[in-house]
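Structural features, examined
Okay, here's what each chain looks like letter by letter:
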Amino acid sequence: MRRFNQSAIGVQNGSQIIFSGFSEHDPMWSGRGERETKARVDFDGPFLGAPIVHVSITMLDMQRGANHRVDLSAENVTAEGFDLVFRTWGDTQVGRVRADWLAIGPARHEDDWDV
């Protein structure tokens, strides 16, 4: 369990299209084997430290002829943002992915003073 040391907790959320591509030149659609793509997410305002980030797939457009192999994660989480990382492998064909995210972490309180 993560405990925050002050009374102010910040919550931010958003939605991000990670990629969209259905051409033979797009590796997620036409490639084979392990593939990965990243989208940088910057918070509207920084947290005081790295928040907890939860991600979920909210839209997935895939070819029906192969197994659906997907992995979504938040990596390189800092007080300013994180990388939204989507991975697939094998013969899976992915045309488009959207993910929603929720960040909860320590935030500056309006009563905090700068000394």
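Rules and cut-offs
- Residues numbered from 1 in each chain as written.
- Predicted model: local features only at pLDDT ≥ 70, side-chain atom pairs only at ≥ 80, totals over all residues.
- Heavy atoms only, no water.
- Pairing = 2+ DSSP bridges.
- Helix = DSSP H or I, 4+ residues; strand = E, 2+ residues; numbered from the N terminus.
- Phe/Tyr/Trp six-rings, centres within 6.5 Å; stacked < 30°, edge-to-face > 60°.
- Buried < 20%, exposed > 50% of the residue type's maximum accessible area, 1.4 Å probe, protein only.

With 5 bridges joining them, strand E4 (residues 71-75) and strand E5 (residues 81-88) adopt antiparallel strand pairing. Note on E5: the bridge partner recorded for Leu72 is Phe86. Between E4 and E5, which pair antiparallel and follow one another directly, the connecting turn spans 5 residues, one of which, Asn76, has a positive phi of 55°.

Attention now goes to the packing of aromatic side chains. Applying the stated criterion across every chain, the model contains 5 aromatic pairs. Taking the centre distance of 5.6 Å and the plane angle of 55° together, the rings of Phe19 and Phe86 count as tilted. With Phe19 in strand E1 (residues 9-20) and Phe86 in strand E5, the pair connects residues that are 67 residues apart, well separated along the chain. For the residue pair Phe19 and Phe86, the accessibility class agrees, reading buried in each case. For the ring pair Phe43 and Phe47, a centre distance of 5.1 Å and an interplane angle of 85° mean the geometry is edge-to-face. As far as burial versus exposure is concerned, Phe43 and Phe47 are alike and both buried. Grouped by ring-pair contacts, the aromatic residues Phe43, Phe47, Phe82 and Trp101 constitute a single cluster.

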